[in-house]
Amino acid sequence: MNDQPDFSQFSCPLPKTDYDTIQMAHGAGGRLSADLIERVFLPVLGNATLEKLEDQATLSFGDKRLAFSTDSFVVHPVFFPGGNIGELAVNGTVNDLAMAGAEPKVLSVGFIIEEGLSIADLHEILLSMRRAADRAGVQIVTGDTKVVNKGHGDKIFINTSGIGVIPQKVHISAHQIKPGDKIILSGTIADHGMAIMSVREGLSFESVIESDTAALNHLVQTMIEVSPNIHAMRDPTRGGLATTLNELAQASSVGVRIFEQAIPVRETVKAACEILGIDPLYVANEGKLVAFVAPEDAEDVLKAMREDSLGKDAVIIGEAVEKHAGKVVMENIYGVERIIDMPVGEQLPRIC
Amino acid sequence: MKYIDEYRNPELVRELLEQIRRTVSRPWVIMEICGGQTHSILKNGIDQMLPKEIELVHGPGCPVCVTPLELIDQAIAIAKKENVIFTSFGDMLRVPGSHSDLFQARSEGADVRMVYSPLEALNLARQHPDKEVVFFAVGFETTAPGNAMAVFQAHKEGLKNFSELVSHVLVPPAMEALLQSPQNRVNAYLAAGHVCAVMGWWEYEPIAEKYKVPIVPTGFEPVDILKGILAAVRQLEKGEHFVENQYGRAVTRDGNKAAQEIVNRVFEVIDRKWRGIGTIPKSGLKLRKEFRDYDAALKFSVGDLQTEEPAICISGLILQGLKKPNECPAFGKQCTPRTPLGATMVSSEGACAAYYRYHRFKTE
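Counting of residues starts from 1 at the beginning of each chain's written sequence and follows it residue by residue. Chains carry letters and ligands carry numbers; both start at the beginning, A for chains and 1 for ligands, and go up in the order they are written. Owing to the predicted nature of the model, reporting of local features is limited to residues with pLDDT of at least 70; listing and counting of side-chain atom pairs is limited to 80 or more, with chain, interface and lining totals taken over all residues. Side-chain numbers come from the whole structure's heavy atoms, not from hydrogens or water.

Quick word on the overall build of chain B
Next up, step 1: Under the DSSP-based scheme used, a helix requires at least four consecutive residues in state H or I and a strand at least two consecutive residues in state E, with every element numbered from the N terminus. When its secondary structure is counted, chain B shows 17 helices and ten strands.
Next up, step 2: Radius of gyration here is computed from C-alpha atoms only, and the compact-globule reference equals 2.2 Å multiplied by the residue count raised to the power 0.38. Its C-alpha atoms give chain B a radius of gyration of 20 Å, within 12% of the compact-globule value 21 Å for 364 residues.
Next up, step 3: The principal-axis extents of the C-alpha atoms in chain B amount to approximately 65 × 45 × 45 Å.
Next up, step 4: Residue exposure (1.4 Å probe, protein chains only): buried if accessible area is under 20% of the type maximum, exposed if over 50%, otherwise partly exposed. A buried classification covers 62% of the 364 residues belonging to chain B.
Next up, step 5: A sequence separation of at least 24 residues applies to 79% of the contacts in chain B between residues at least 6 apart.
Next up, step 6: For the accessible areas, the method is Shrake-Rupley and the probe is 1.4 Å, while residue cover comes only from the protein chains on display. For chain B, the computed accessible surface area is about 13,500 Å², with 50% contributed by carbon and sulfur atoms.
Next up, step 7: With 43 positive and 44 negative side-chain charges, chain B shows a separation of 2 Å between the mean positions of the two kinds. When checking whether two residues touch, look at their non-hydrogen atoms; a contact exists if any pair is within 4.5 Å. Think of it this way: Lys and Arg go in the positive column, Asp and Glu in the negative one, and His and the chain ends go nowhere. In plain terms, the charge of a residue is placed at NZ if it is Lys, CZ if Arg, CG if Asp and CD if Glu.

Put into structure tokens, the structure is as follows:
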């Protein structure tokens, strides 16, 4: 063999550490997204509220507290099994508000439409937005529309912002998790991401994989009524359950310990993940939540959740621990532990 | 999932571990060839469940890891040309060349697309007759038949706007090169199940004989891998050395004849440089003369582009089984999946990436 490596030069070069242009991975919700926020956004726009890095801002006005949040939706295809971009945009912001325990009240909506979109398609998107808003009990009270040249958008992009009212006794935040807290997951993971990917990759199964898009605010109200000791809550959207748990572990400086066997994944979703070489822990959800609850209240919260159709498959998947603060560790079906890391960017399908 | 869960069954896993424990009496080093096996071993914690006598070392069977730097640079150079649609399997896109990667080329305006099969790339060529469609044909014997078929089809259809940037490598010459190395520590091989599904296992018989090393074609699920290890340990303990097929549900001695034929029809064997290892004689494939019109390196005149590895990242030693990823001083520090210094950290099959994802809290 030529070029035998030389043991004496036992070091690594630093060819490339940072991208100096925006990459798709910066928008994938993983480590590069976190970097972008930390290194580029916060130094310029930072303030005490923004720096908490919650999915919503909590604002006090006298004795009233409001939750305020915004989210933009760019999904391809615009219509997918189980929903379309319209209801996704309503549910997404409703959920970001609900994760603070807030009752969502009003939404704004901004459309960026590519020329050529059919009015019929737009109408269908609007109808599903209306239905989603009615179900969640929110009103769309202000809006804006811009049209861009053909090729400068992908049919339609939607931004929604929302305001919700936080009840007096509720104090839910990513920073409140305590060791011993039980982790409750409201149902199966990876449905939304795999629904989208199956359509994009032209995969078909005996039963169609549908997005789980749903507004979780009623489920959250049920949970809050049962227990004032829900410490943290988040909807594991882009980046999946693994990313959300990592964010929460870091925000509260606790370790997170979960059990592989406890995490529900639909059989068809599992199969699609196997085929594409993708880990369901990193796949997006649009109608699920994960909650950290004081151990003494966990069973009561779980019971209440299971009575709601959106929480009927809720399970305890693990707990917060003192060890390995900031990291997520999963025990697999053989009883062996491994680390569950933040993804870098998009998951890349393997060669073989 | 039917046909998968059976091979992940915890009861069977425990039973096989017990059999391995009863069989092993002294230390052995076993190399799994394929990066897919490395990931399965680390993801499932198989290395932690095995008795301490058995050391698993990770082989060079990760196509992303061993593709030479200049090929990545050539790929980027082609992708940046006007009128080109550059297609690739997903995990090649994040491998750094000398200065950038294919993702970055895409963000700068190159039309880089991820595909699952070279035949998808061929379809793109049919749909876009005004564009040049290039496929990055990397991998071992596993991906070679598909890549050969795409060229063969293009030739048959007279499709002029399709070509492949070929960097194919072959497993048996790499195994021999490792066994010839004075630093070799490997006592037995788990051969890559999917490579053997294509090529069969007859190729390994002379290697097992010449180097007196057990070779076990092995699958990818925990039960497969443990069965492979058990077979290898049994041979080692008895002082035997032959090819023993563990992966009977996919592998036969002769392999897939039709696949082999198309590979031989389109490709010929050449010496090939492996990233981090060096040139290994007769260890690669290139397009035969008859198909040279489909060679993207010639078509876009990038064949002369030569690049030296900027410095030594120890991925070479890791790919030869001489070092473990966590023995690299840069592991998890300067070198992470976000800022990969070597290809072993980039690919989801790369040993360093596997250690980083599954093992980091143990090594810190």
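A few points about the packing of aromatic side chains
All names here are of chain B.
Next up, step 1: Here is the rule: rings of Phe, Tyr and Trp (six-membered ring for Trp) pair when centre to centre is within 6.5 Å. Planes less than 30 degrees apart are stacked, more than 60 are edge-to-face, and the remainder are tilted. Considering all chains together, one arrives at four aromatic pairs over all chains under this definition.
Next up, step 2: Between phenylalanine 86 and phenylalanine 136, the ring centres sit 5.8 Å apart and the planes meet at 65°, which makes this aromatic pair edge-to-face. Of this pair, phenylalanine 86 sits in strand β3 (residues 84-88) while phenylalanine 136 sits in strand β5 (residues 132-139), and the two are 50 residues apart along the sequence.
Next up, step 3: The exposure class of phenylalanine 136 is buried, given its relative accessible area of 0%.
Next up, step 4: The ring of tryptophan 201 carries arginine 253 above its face, with NZ or CZ at 5.9 Å from the centroid. Distance and angle both matter: a charge sits over a ring if NZ of Lys or CZ of Arg is within 6 Å of the ring centre and within 35 degrees of the ring normal.

Description of unusual backbone geometry
Residues and elements named next belong to chain A.
Next up, step 1: A cis amide bond links histidine 76 with the next residue in sequence, proline 77, at an omega value of 0°.
Next up, step 2: Within the secondary structure layout, proline 77 lies in the loop between β2 (64-73) and β3 (79-80).
Next up, step 3: One non-glycine residue with positive phi stands out, namely serine 253, at about 50°.
Next up, step 4: Considering the arrangement of structural elements, one finds serine 253 in the loop between α6 (240-252) and β10 (255-259).
Next up, step 5: Its identity as a non-glycine residue notwithstanding, histidine 324 has a phi of 30°, on the positive side.
Next up, step 6: Structurally, the position occupied by histidine 324 is in the loop between β12 (315-321) and β13 (328-331).

With respect to the side chain of threonine 38 of chain B
Residues and elements named next belong to chain B.
Next up, step 1: By secondary structure assignment, the location of threonine 38 is in helix α2 (residues 35-44).
Next up, step 2: On the basis of relative accessible area, threonine 38 is assigned to the buried category, the value being 1%.
Next up, step 3: Pairs of N or O atoms within 3.5 Å make up the polar contacts considered here, provided that, within protein, one atom can donate a hydrogen while the other can accept it, and that residues adjacent in sequence are counted only when both atoms are side-chain atoms. Separated by 2.8 Å, the side chains of threonine 38 and glutamate 32 make a polar contact.
Next up, step 4: The residues touching threonine 38, leaving out its near neighbours within four places in the chain, are Glu32, His58, Ala351 and Ala354.

Details of the pairing of strand β2 (residues 54-61) of chain B
All names here are of chain B.
Next up, step 1: Of all eight residues that make up β2, seven are buried, and the element is covered over most of its length.
Next up, step 2: Any two strands are treated as partners once DSSP identifies two or more bridges connecting them. Of the pairings in the sheet, the one linking strand β1 (residues 28-34) to β2 comprises six bridges and is parallel in character. Note on β2: the bridge partner recorded for isoleucine 30 is leucine 56.

Quick look at the nonpolar core
Next up, step 1: By nonpolar core we mean a set of buried residues, namely Ala, Val, Leu, Ile, Met, Phe, Trp, Tyr and Cys, connected to one another through side-chain atoms within 4.5 Å. Phe162, Tyr189 and Tyr204 of chain B are the most contacted members of the largest nonpolar core, which totals 91 residues.
Next up, step 2: Two domains each put at least three residues into this core: domain 1 (5-61 + 174-238) and domain 2 (65-170 + 255-299) of chain B.
Next up, step 3: Filtering out sequence-adjacent residues up to four positions away, tyrosine 189 of chain B remains in contact with Met31, Ile33, Met175, Leu178, Leu179, Val213, Pro214, Ile215 and Val216 of chain B.
Next up, step 4: Counting 36 residues, the second largest nonpolar core, distinct from the first, contains Ile183, Ala242, Val254 and Val328 of chain A. Residue ranges for the domains trace back to a domain assignment, done automatically or taken from a database.

As for a nonpolar patch on the surface
Residue and element names in this part refer to chain A.
Next up, step 1: Nonpolar side chains collect at one region of the surface, where Ile37, Val40, Phe41, Val44, Leu45, Leu50 and Leu53 lie side by side and expose about 630 Å² of accessible area between them.
Next up, step 2: The residue phenylalanine 41 is located in helix α1 (residues 31-45) in this model.
Next up, step 3: You can call phenylalanine 41 partly exposed: its relative accessible area is 41%. Patch rule: a residue counts if its relative accessible area is over 30% and it has no salt bridge; like charges are joined within 9 Å, and nonpolar side chains (Val, Leu, Ile, Met, Phe, Trp, Tyr) within 5 Å. Should a side-chain nitrogen of Lys or Arg be within 4 Å of a carboxyl oxygen of Asp or Glu, the pair is scored as a salt bridge.

Description of the environment of isoleucine 224 of chain A
Residue and element names in this part refer to chain A.
Next up, step 1: Within the fold, isoleucine 224 resides in helix α5 (residues 217-226).
Next up, step 2: Sequence spacing of isoleucine 224 and glutamate 299 is 75 residues, and the spatial spacing of their C-alpha atoms is 13 Å.
Next up, step 3: Apart from the residues lying within four places of it in its own chain, the contact partners of isoleucine 224 are Gly101, Val170 and Ile230.

Examining the pairing of strand β11 (residues 290-293) of chain A
Residue and element names in this part refer to chain A.
Next up, step 1: Here β11 shows no split at all, with Val290 and Phe292 on one side and Ala291 and Val293 on the other all buried.
Next up, step 2: In terms of strand pairing, strand β8 (residues 182-185) meets β11 through four bridges, oriented antiparallel. Counted as the bridge partner of lysine 182 is valine 293 from β11.
Next up, step 3: In this sheet, β11 lies alongside strand β9 (residues 230-234) in antiparallel orientation, the contact comprising four bridges. Residue arginine 234 lies in a different strand from β11, and its bridge partner there is valine 290.

So, the domain arrangement of chain A
For an interface, size is often stated in terms of accessible area lost upon the parts coming together.
Residues and elements named next belong to chain A.
Next up, step 1: The assigned domain composition of chain A is domain 1 (55-166) and domain 2 (182-340).
Next up, step 2: Relative to domain 2, the C-alpha centre of domain 1 lies at a distance of 23 Å.
Next up, step 3: The term buried area denotes the loss of accessible surface (1.4 Å probe radius) that occurs when two parts are joined, taken as the sum for both partners. Taking both sides of the interface into account, the surface hidden between domain 1 and domain 2 amounts to around 1,800 Å²; carbon and sulfur atoms contribute 59%.
Next up, step 4: Looking at the side of domain 1 facing domain 2, the largest losses of area belong to Pro81, Asn95 and Met99, adding up to 32% of the total buried there.
Next up, step 5: Applying the counting criterion to the domain 1 and domain 2 interface returns one salt bridge.
Next up, step 6: Counting every contact that joins domain 1 to domain 2 gives eight residue pairs in polar contact (both at pLDDT 80 or more).
Next up, step 7: Listed by contribution, the elements that provide at least two residues to the side of domain 1 that touches domain 2 are α2 (85-98), β5 (103-114) and α3 (119-136).

Focus on the sheet that holds strand β14 (residues 337-340) of chain A
Residue and element names in this part refer to chain A.
Next up, step 1: Spatial ordering of the open sheet is given by β9-β11-β8-β12-β10-β13-β14, a layout of seven strands whose pairing is mixed. Only two strands of the sheet have a single partner each, and these edge strands are β9 and β14. In this sheet, adjacent strand axes meet at a mean angle of 25° when their direction is disregarded.
Next up, step 2: Here β10 runs beside β12; their pairing, made up of four bridges, is antiparallel. Directly across from valine 256, in β12, lies its bridge partner alanine 320.
Next up, step 3: Packing against the sheet, α6 makes contact with β8, β9, β10, β11, β12, β13 and β14, and its axis sits at approximately 35° to β11. Each axis is a line fitted through C-alpha atoms, and for a helix only the stretch in contact is used; angles between axes span 0 to 180 degrees, taken between their N-to-C directions.

Looking at helix α9 (residues 171-180) of chain B
Next up, step 1: Across the ten residues that make up α9 of chain B, a large majority, eight, are buried.
Next up, step 2: Every buried residue of α9 of chain B is listed here: Val171, Pro172, Pro173, Ala174, Met175, Ala177, Leu178 and Leu179 of chain B.

Digging into the sheet that holds β5 of chain A
Residues and elements named next belong to chain A.
Next up, step 1: Overall, mixed pairing links the five strands, which are arranged β1-β2-β7-β5-β6 in an open sheet. The open sheet terminates on both sides in strands that have one partner only, identified here as β1 (57-61) and β6 (139-148). Each strand of the sheet is rotated relative to its neighbour by a mean of 15°, with strand direction disregarded.
Next up, step 2: Alignment of β2 against strand β7 (residues 156-166), held across nine bridges, turns out to be antiparallel. Its bridge partner being in β7, alanine 67 is matched across the sheet by glycine 164.
Next up, step 3: Against the sheet, α2 engages β2, β5, β6 and β7, with an angle of about 150° to β2.

A short note on the packing of α2 of chain A against α3 of chain A
All names here are of chain A.
Next up, step 1: Running from amino to carboxyl end, α2 crosses α3 at an angle of 30°, the nearest separation of the two axes being 7 Å. Between α2 and α3, the angle falls in the class roughly parallel. The hand of the α2/α3 crossing is right-handed. Side by side, α2 and α3 meet where Ile85, Gly86, Glu87, Ala89, Val90, Asn91 and Val94 of the first sit next to Ile125, Ser128, Met129, Ala132, Ala133, Arg135 and Ala136 of the second.
Next up, step 2: Residue composition of the contact of α2 with α3, by class: nine nonpolar, three polar and two charged. An angle below 35 degrees is treated as roughly parallel, one above 145 as roughly antiparallel, one from 65 to 115 as roughly perpendicular, and anything else as oblique. Should the near helix be turned anticlockwise from the far one by less than a right angle, the crossing is termed left-handed; should it be turned clockwise, right-handed. Under the grouping applied here, Gly and all other residues not named as nonpolar or charged are polar, the nonpolar ones being Ala, Val, Leu, Ile, Met, Phe, Trp, Tyr, Cys and Pro and the charged ones Asp, Glu, Lys and Arg.

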